[in-house]
Amino acid sequence: MENENKNTRRKFLDKGLKIGLATLVGGLGLSQLTSKANAKSKNHSGETMELMTADGKLIQVDTSEVVEVTHSNNHEHKYNVREGMPNRKFVMVVDLAKCKNALKCQSACNKHHYITGDNAWMKVYKMQEAEDTAPYWLPMMCQHCDKPACVTVCPVDATFKRKDGLVLIDNERCIGCRFCMAACPYSTRVFNWGEPGQEITLNMDMTNHTPSPEHAGMPSIKGTVDKCDFCPHAIDNNELPHCVTACPNGVFYFGDKYEDTVTNGEETVRLSKLLEDKSGYRLMEGLGTSPSVYYLPPVDRLVDFEDGLEDFKEFESVEPIEPLEKSE
Amino acid sequence: MKNLNLRHVVILVLLSAFIIPSLCQKLEAQNSDKIKIRIKANYTKVIGESSYIDITTSARIDKRNTNIANINLTVFSENDDDELELGETITDHDGKSRFIIKDLNKLLKDTLGFYTLSFKFKGNDIYNKASNDVVFKDANIEAKSFTKDSINYVSATIKDVFLDSLLAEKLLNVNVKRLFKSLPIGEEFNYTDESGTILVPVEEGIPGIDGNLVVEVILSDSDDYGTVKALVNTPFGKPVVFDDTFDKRTLWSSRDKTPIFILIFANLLIFTIWGIFIYLIINLFKIKKS
Amino acid sequence: MNDHKIIIRDLKPKKFGKRDTIWTISLIVIIVAGVIAYIDQLIKGQEVTNMRDYALWGIYISNFVFFVATSFVGSVTVAILRLTNNNWRTPIVRIAEIISLAAIIMAGITIMIDMARPDRLLNLFIHARLQSPITWDVVIIPSYIVISLLLLYFPLLPDFAILKKHFKKKKPKLSKLYGKLALNWTGSKAQKALQEKSIKIIAIMIIPVGILLQTIDAWLFSTTYRIGWDSSSLAPYFISGAFVAGVGALVTLIYIIRKAKKLEEYITDFHFDKLGKFLALACMIYLYFNINEYVMPLFTAKEGEVDHLNELFTGSYSIGFWLVTIIGLILPIIILLFKKGRKPKVMFYVGLAVVIGSWWKRFIIVTPTLLHPFLPIQGVPESWRHYFPSLHEWLITFATLAMAFLIITVCVRYLPVIPIQRTIDELEASKTNTKNTSS
């Protein structure tokens, strides 16, 4: 009898121990699994934000890793927004010999101005004037003409020419008649036919930001015109326009004509020397618009024209954006 | 019992072989999930203005280098014996920060004249702690401008402040200060001679407001001295003539600067036409009255 | 006296019959559909149209130009015919004035439909830039509306007085309304003097104002660099085009009104004959300008110009271009050169062809040029290289046309379409003439 009792006791203890150990191991295993899972969700909540790095790259960063920082919105200008920065006259030089249609300028411009439409403000045209003449890539943006046809025809003073050479748009005043678009011979203006929807598709955060003609596209307004603004918001911070910094081939030079100096970020040269040495010219000079953008002819090409063909998209200039899903 | 004990001991040993490492791993998992931060620091001295350290904090996220904002760094001045806390600085939304050295004399230096500034980050939930330091000596550049035989020159002498010695064979860059990037003048390579001096002619015709040009003489990113920049105001520029089209009455000016012809003609038309309208409407009233 | 009564009975505004009511209701239905489409456009923005960054102006603008052109008929018929002493114009002037008024009012409304931000309409006045051709338009269109109104109103004063008397017994309320509008007209010497003087001033003024209106309308296009628009003769081209559109509309509507109101005694074959010659003249002048615009550039054959013209002659717009030119212009000229071609019924069809041709002509003027910019069209969706109006645009455009017809219908309903007093005066004048000659 005792032996049987002992046996059952033993068996009970045996089983109990086994179960106890099993629970212990199982418990540990489970807790490890859940902590791993928790660790994952803590570091990657699944929700990402599209952010811009300091050099204009667009990255997806987990929201838990990002801290909301107020944008430097010091719009207290020391100058009248309609008059412009004193003692400056901005010009751009585009070296067609270096352009191979990398389109980094276009994507940087699109990102920094939150462009949601189908027409980019910076476009690279595939040009060939005649059958015998050489084809080339032509980066095209607002020429900020000194005799702007668009400004002449605006009935409400919504687009204006500044002392510092920039032609800007006041989207609060524009009535959407599109006369400026009809007048521009460079076809450089785009229209917001519908709601641009930047807050939705690009998660653009407009809190603490006052709209200004100096930062076009912040925000874009339905029923008004938009175009390249030569990035006064960057110039204000002593930075070059985004297309200039984004170009990997150093195609764009930018500077102050009064200083006779232009730079593409790497080379800094005298404007007059550059234009003289490389025979700079302006587009459609005969129309008398007096543009602020000079082009250097594609002589002694650094890259072949054909190298750019693979990136050529005849029917697209703004990359389609997947609307980011918001949580809840 | 003996049998049980042995079997159970074996099971226990085997199990613990699995449990204990996983326990350790769990503790470690907390640490290994944090991201490593890199601190980059550069020393710049602008003669006559300030000395400062430019800091950039970055990390590798999703295989790309990204600058990290809001990193709180404590700044220390160190030498072999001592450590002095100078203050704190936080990186901005671009991951950058500028720590201004108010008085170099307050910093600790070693026997050879080297200053060491270190930046320490305590770490937070996301990022590991990190630190970096910057070691530099104090150099001084004296730049001046003069004209000889109707050629404009800028000369500059560089010396080590602590050792009070002139530095020869140093590469100096000479630029004219411009809006975005400075315009290089002089030779591509300007090396200081035995007396630590360079002489650079300033070409004619560089435009400057009221004829003024600010010339920079820069020792760029040297191992011992960091970046040292001297500025000299010169009158060697060609005075800029500003375009005044903005103030004129043109077709593309704002509404307050309408060309006189349009102003007169349009208003004349408007007033004539509507004046006649008023006259006609008055006639209607007259008809009604009579 | 009896004759007077007959005239009044014939010319007085009559109640709506069944046909008229159906007509009016259909117009209102079309207008409501257009209004709904417009509200949708206001909410969603102009992306409901098929206009995009290259075809940035579409049928809203070509419709607007059409209305502006048609409103020229007031200047032409009333003023030019008056100043050249063409006395046969009497029965048709009122209809011409009504068409003019309806067209210019609709022009003003149509251009506001094209504005993408109509909520900022006041900016056109508060922030107006005199250097812009649109500002000139903002000045001239209200001016022309007022002058058309005055041109319609002054000659109506005696007619209102007559109608007030006539309706006193049967329709006292209507009579009261006419009375108010008649401004105590008694036909006194003083009143007549004032009225005649005013009409004379208006008649003279409406010619330069009308020409200015067409010119400014043309300058909306010729102040740009675009091929097909950048022409120094665009303004005279538009003026003669307005002449054609206006007289064509007049002819068509006169025929309809004449039939509907049984006014064959007043508007006779003679009038149609005269109008036919007038229209033929207008079309011939317009043909002259068309040759200048479309044939002459072939001589220098500048690349852009040739591309543009090829688009019109043999390209995507060729059907429209040739239909408009042949059926809308050349054929009418040929038909109208013959006496048989100037019979009322034939004239109606000719007028109709001219008017519809005029509407599509303005489409041919606006759209092809916009799709031929200096730089190639790249980087935008393929659909942006073409333009055909969307459903919203058609609904809204038809609504504006229906609104114009509605204004005309309301005017025709309540106003005597032929000046009563003047007809009476002319009858008296001819009687005294025959009396004098016989005695």
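Remember, it's a predicted structure, so these values are computed and weren't measured experimentally.

Novice: Could you give an account of the interface of chain C and chain B, naming the residues involved and the relevant values?
Specialist: Facing the 28 residues of chain C at the interface are 28 residues of chain B. Summed over both sides, the interface of chain C with chain B buries roughly 2,400 Å², with 74% coming from carbon and sulfur. Broken down residue by residue, the surface that chain C buries against chain B is led by L130(C), Q131(C) and L194(C), which jointly contribute 25%. Applying the counting criterion to the chain C and chain B interface returns zero salt bridges. Listed by contribution, the elements that provide at least two residues to the side of chain C that touches chain B are α7 (133–166) and α9 (189–222) of chain C. If you tally residues by element for the side of chain C that touches chain B, the top one is α9(C), at ten residues. Here the side of chain C that touches chain B is built from residues that sort into 19 nonpolar, seven polar and two charged.

Novice: Give a description of the sheet that holds strand β8 (residues 130–137) of chain B that names residues and reports values.
Specialist: Hydrogen bonds along the backbone pair up the strands of a sheet, which may run parallel or antiparallel. All names here are of chain B. The antiparallel open sheet is built from four strands, whose spatial order is β5-β4-β7-β8. Looking at the sheet topology across the chains shown, the edges are occupied by β5 (83–90) and β8. Recorded for the sheet is a direction-independent mean angle of 20° between the axes of neighbouring strands. Both strand β4 (residues 72–78) and β5 contribute to a ladder of seven bridges, which runs antiparallel. Bridging across to β5, S77 finds its partner in L84.

Novice: Any details on the pattern of salt bridges? Residues and values, ideally.
Specialist: This structure, assessed with the given rule, holds 34 salt bridges over all chains. As a salt-bridge pair, R162(A) and E214(A) come within 2.7 Å of each other at their nearest N and O atoms. On the criterion of sequence distance, the pair formed by R162(A) in the loop between β6 (159–161) and β7 (167–169) and E214(A) in the loop between α5 (198–201) and β9 (225–226) is long-range, its members being 52 residues apart. Owing to a relative accessible area of 1%, R162(A) belongs among the buried residues under this scheme. Salt-bridge contacts for E216(B) lead to K177(B); the nearest nitrogen and oxygen are separated by 4.0 Å. With E216(B) in strand β17 (residues 213–222) and K177(B) in the loop between β12 (171–176) and β13 (183–184), the pair connects residues that are 39 residues apart, well separated along the chain. Through salt bridges with shared partners, a single network forms among R88(A), D256(A), E259(A) and R178(B).

Novice: Can you explain the interface of chain C and chain A? Please cite residues and give values.
Specialist: The interface of chain C with chain A comprises 44 residues on the first partner and 52 residues on the second. Roughly 4,000 Å² of surface becomes buried between chain C and chain A when both sides are summed, with 57% attributable to carbon and sulfur atoms. For the pair chain C and chain A, the number of links is three salt bridges. A salt bridge links D157(A) to R129(C); its shortest N-O distance comes to 3.7 Å. At the boundary of chain C with chain A, the tally comes to 34 residue pairs in polar contact (both at pLDDT 80 or more). Looking at the side of chain C that touches chain A, the elements with two or more residues in it are α2 (18–44), α6 (123–126) and α7 of chain C. Looking at side-chain class alone, the side of chain C that touches chain A contains 22 nonpolar, eleven polar and eleven charged residues.

Novice: Describe in detail the environment of L168(A), supporting the description with residues and values.
Specialist: All names here are of chain A. Note on placement: L168 falls in strand β7. Sequence-wise, L168 and P232 are 64 residues apart; in three dimensions their C-alpha atoms are separated by 9.6 Å. Apart from the residues lying within four places of it in its own chain, the contact partners of L168 are A158, T159, F160, R162, P213, E214, K227, D229 and P232.

Novice: So what's going on with the confidence of the model for chain C? Which residues, and what values?
Specialist: Per-residue confidence for chain C gives a mean pLDDT of 93, with 99% of residues at or over 70. Two summary scores accompany this predicted model of the complex, namely pTM at 0.86 and ipTM at 0.92.

Novice: Account for a nonpolar patch on the surface, with residues named and values stated.
Specialist: Residue and element names in this part refer to chain C. A surface patch of nonpolar side chains, about 1,000 Å² in accessible area, is lined by M284, I319, W322, L323, I326, I327, I330, L331, I334, L337 and F338. Here the element with the most residues in the nonpolar patch is helix α14 (residues 318–336); it accounts for eight residues. Relative to the helices and strands, M284 is located in helix α11 (residues 269–294). Among the residues examined, M284 registers a relative accessible area of 39% and is labelled partly exposed.

Novice: Give a description of the side chain of T110(C) that names residues and reports values.
Specialist: Along the chain, T110(C) turns up in helix α5 (residues 90–114). With near-sequence residues (within four places) excluded, T110(C) lies in contact with Y60(C), N63(C), F64(C), F67(C) and T400(C).

Novice: Got a sec to walk through the nonpolar core? Specific residues and values, please.
Specialist: The biggest cluster of nonpolar side chains holds 220 residues, and the ones touching the most others in it are M92(A), L138(A), M141(A), F252(A), W57(C) and F221(C). Counting residues per element, this core draws most heavily on α7(C), which supplies 19 residues. The contact partners of F252(A), leaving out residues within four places of it in the chain, are M92(A), V93(A), V94(A), C105(A), M122(A), P139(A), M141(A), C243(A), V244(A), C247(A), T263(A) and N264(A). Judged by nonpolar contacts, the second largest core, of 25 residues, contains I37(B), F121(B), A130(B) and V134(B).

Novice: Please set out the sheet that holds strand β12 (residues 268–270) of chain A residue by residue, giving values where relevant.
Specialist: Residue and element names in this part refer to chain A. Read from one edge of the open sheet, five strands run β12-β11-β10-β3-β13, paired in mixed fashion. Looking at the sheet topology across the chains shown, the edges are occupied by β12 and β13 (293–296). Pairs of neighbouring strands in the sheet enclose a mean axial angle of 25°, with direction left out of account. Bridge count for strand β10 (residues 252–256) against strand β11 (residues 261–263) is three bridges, and the pairing is antiparallel. Each residue of the ladder has a partner; that of G255, found in β11, is V262. Across the sheet, helix α8 (residues 271–278) is in contact with β3 (90–95), β10, β11, β12 and β13; its angle to β12 comes to roughly 80°.

Calculation notes
Residues numbered from 1 in each chain as written. Chains lettered and ligands numbered in written order. Predicted model: local features only at pLDDT ≥ 70, side-chain atom pairs only at ≥ 80, totals over all residues. Heavy atoms only, no water. Contact = heavy atoms within 4.5 Å. Buried area = accessible area lost by both parts, 1.4 Å probe. Salt bridge = Lys/Arg side-chain N within 4 Å of Asp/Glu carboxyl O. Helix = DSSP H or I, 4+ residues; strand = E, 2+ residues; numbered from the N terminus. Nonpolar A, V, L, I, M, F, W, Y, C, P; charged D, E, K, R; others polar. Pairing = 2+ DSSP bridges. Axes fitted to C-alpha atoms, helices over the stretch in contact; angles between N-to-C directions. Buried < 20%, exposed > 50% of the residue type's maximum accessible area, 1.4 Å probe, protein only. Polar contact = N/O pair within 3.5 Å; in protein donor to acceptor, adjacent residues only side chain to side chain. pLDDT = per-residue confidence, 0-100. Patch = residues over 30% accessible without salt bridge, like charges linked within 9 Å, V, L, I, M, F, W, Y side chains within 5 Å. Areas by Shrake-Rupley, 256 points an atom, 1.4 Å probe, with all protein chains shown as cover. Core = buried A, V, L, I, M, F, W, Y, C linked by side-chain atoms within 4.5 Å.

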